[in-house]
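# Topology and contacts: notes
Here is what each chain is made of, one letter per residue.
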Amino acid sequence: MRPLIGLALGSGVARGWAHIGVLRALGQAGLKPDIIAGTSIGALIGGAYLSGHLPYLEAWALRLNRIRLSRLFDFQLGGSGVIAGRRVLQALNPEMLGLGIEDLPAPFVCVATDLASGHEVWLRSGNLVEALRASYAVPGLFPPVKRDGRWLIDGALANPVPVSACRAMGAHITIAVNLNGEAFGESPADDELEVAEPNGDAEAEAAGAEPLPASRMQLLRQFFRRSGGEPSVFAVMARSLHIVQDRIARSRLAGDPPDVMIFPRLGDIGILEFHRAEESIAAGEAATRALVPRLRQLVQRLGNGNTPWGQRRPNGRS
């Protein structure tokens with residue numbers, strides 16, 4: 001008899017690559033989650049994992065450098081987000097684009113926020129990639145996603161670490177991954193994202209990138225540039241969201257704590273340093289391995305009298 005394990009993958013911007021290490025360590029320990037709920041980048045990792053395409057996403061993340069990162073920002077003027085977000089989809093295996101959440105082999109909840117009401121929205125059906133885009137639609141940066149007549153934005157504004165979603169879906173044991181355990185202490189300027197331009201055609205070719213048009217490069221530099229020692233517009237927006245989600249997470253986790261909390265050591269990784277995937281993944285793996293003995297004890301203690309492993313899924317799914 002084995003209890004159902006729910007895994008709540010929290011928001012955390014670039015630190016979210018740590019979720020890959022968490023999932024790897026759990027799998028190696030034989031503690032594969034039965035239910036996954038994800039917010040923002042946690043939803044992205046969870047969706048890629050359940051669809052079987054996490055290796056593709058991991059390989060893409062490990063190839064990132066400052067030049068490739070600059071290429072992901074397809075700026076637009078006049079929209080509801082300054083970054084269109086189409087290029088970010090390059091991180092996903094094209095085979096994911098046509099998948100529905102119902103096609104996944106285990107229950108998955110993608111958390112977003114209703115822009116009109118501020119209510120938390122659980123996406124449990126429909127196009128998977130559309131749901132992921134809604135969950136990581138950082139206000140002002142990415143445009144909101146319209147779904148069932150509602151405009152949806154980043155789920156971190158409502159439920160940064162979705163423990164409640166795992167429990168509602170039938171988890172007997174809930175593991176939460178909080179990426180912001182070492183969230184503060186550094187200067188907001190440490191969150192700056194340097195916009196790097198290839199130094200010549202050879203470097204551009206090696207980076208898999210074409211030179212940016214001068215107009216777009218100027219817009220990038222204005223958005224990311226520090227002035228007189230002040231943080232850039234992008235850093236202020238990112239850090240503001242980070243502060244809000246940290247305060248919300250503290251409140252929600254205090255009222256509904258998980259059975260086990262995983263805190264990867266990510267304090268030295270800036271929330272915009274997407275190119276440091278290798279370090280983030282290693283931190284997630286190390287933090288999870290340290291808790292494997294405790295998790296096994298909990299599974300053994302709660303095993304009697306619960307649903308046999310693989311026999312039934314929550315909500316009638318098999």
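Residues numbered from 1 in each chain as written. Predicted model: local features only at pLDDT ≥ 70, side-chain atom pairs only at ≥ 80, totals over all residues. Heavy atoms only, no water.

Attention now goes to unusual backbone geometry. Phi at valine 13 is positive, roughly 55°, even though this residue is not glycine. Overall, valine 13 belongs to the partly exposed group, its relative accessible area being 23%. Although it is not a glycine, serine 40 adopts a positive phi angle of roughly 60°. Mapped onto the elements, serine 40 comes out in the loop between β2 (35–39) and α2 (41–50). (Buried < 20%, exposed > 50% of the residue type's maximum accessible area, 1.4 Å probe, protein only. Helix = DSSP H or I, 4+ residues; strand = E, 2+ residues; numbered from the N terminus.)

For the rest of this paragraph, the subject is the nonpolar core. The biggest cluster of nonpolar side chains holds 69 residues, and the ones touching the most others in it are Trp17, Leu57, Phe108, Leu123 and Leu132. Top element by residues in this core is helix α10 (residues 277–302). It accounts for 9 residues. Formed by 14 residues, the second largest nonpolar core is a distinct cluster that contains Ala8, Val109, Val161 and Cys166. (Core = buried A, V, L, I, M, F, W, Y, C linked by side-chain atoms within 4.5 Å.)

All right, on to the confidence of the model for the protein then. With 75% of its residues at a pLDDT of 70 or more, the protein has an overall mean of 83. In the predicted structure, residues 197–209 sits below a pLDDT of 50 and forms 17 contacts with residues beyond four places in sequence or in another chain. Low pLDDT (under 50) marks residues 305–313, which in the prediction has 21 contacts with non-local residues, meaning those over four places away or in another chain. (pLDDT = per-residue confidence, 0-100. Contact = heavy atoms within 4.5 Å.)

Most of strand β7 (residues 173–177) is tucked away, with 5 of its 5 residues classed as buried. Along β7, one buried face is formed by Ile173, Ile175 and Val177 and the opposite face, lined by Thr174 and Ala176, is buried too. Pairing of strand β1 (residues 5–9) with β7, which is carried by 5 bridges, proceeds in the parallel orientation. Considered in β7, the bridge of alanine 8 is made with alanine 176. Inspection of the sheet shows β7 paired to strand β8 (residues 260–262) by 3 bridges, in the parallel sense. Bridged to valine 177 within β8 is isoleucine 262. (Pairing = 2+ DSSP bridges.)

Okay, helix α1 (residues 18–28) next. Of all 11 residues in α1, 8 are buried, a share of seventy percent or more. Along α1, the positions that sit buried rather than exposed are Ala18, His19, Ile20, Gly21, Val22, Leu23, Ala25 and Leu26. Backbone geometry just after α1 places glycine 30 at a positive phi near 75°.

Inspection of the entire model under this criterion finds 3 aromatic pairs. On the numbers, 6.4 Å between centres and 65° between planes, the contact of tryptophan 17 with tryptophan 60 is edge-to-face. Within this pair, whereas tryptophan 17 is found in the loop between β1 and α1, its partner tryptophan 60 is found in helix α3 (residues 54–62), the two being separated by 43 residues in sequence. For the pair formed by tryptophan 17 and tryptophan 60, the shared burial category is buried. With a centroid separation of 5.7 Å and an interplanar angle of 70°, the aromatic rings of tyrosine 136 and phenylalanine 142 are classed as edge-to-face. Since its relative accessible area comes to 16%, phenylalanine 142 is described here as buried. Ring pairing ties together the aromatic residues Trp17, Trp60 and Phe274, which thus form one cluster. (Phe/Tyr/Trp six-rings, centres within 6.5 Å; stacked < 30°, edge-to-face > 60°.)

Our focus in this paragraph is the packing of α3 against α10. It is the contact of α3 with α10, at a shortest axis distance of 8 Å, that shows an interaxial angle of 130°. One finds that α3 runs oblique with respect to α10. Where α3 abuts α10, its residues Glu58, Ala61 and Leu62 lie against Ala277, Glu278 and Ile281. Here the contact of α3 with α10 is built from residues that sort into 4 nonpolar, no polar and 2 charged. (Axes fitted to C-alpha atoms, helices over the stretch in contact; angles between N-to-C directions. Parallel < 35°, antiparallel > 145°, perpendicular 65-115°, else oblique. Nonpolar A, V, L, I, M, F, W, Y, C, P; charged D, E, K, R; others polar.)

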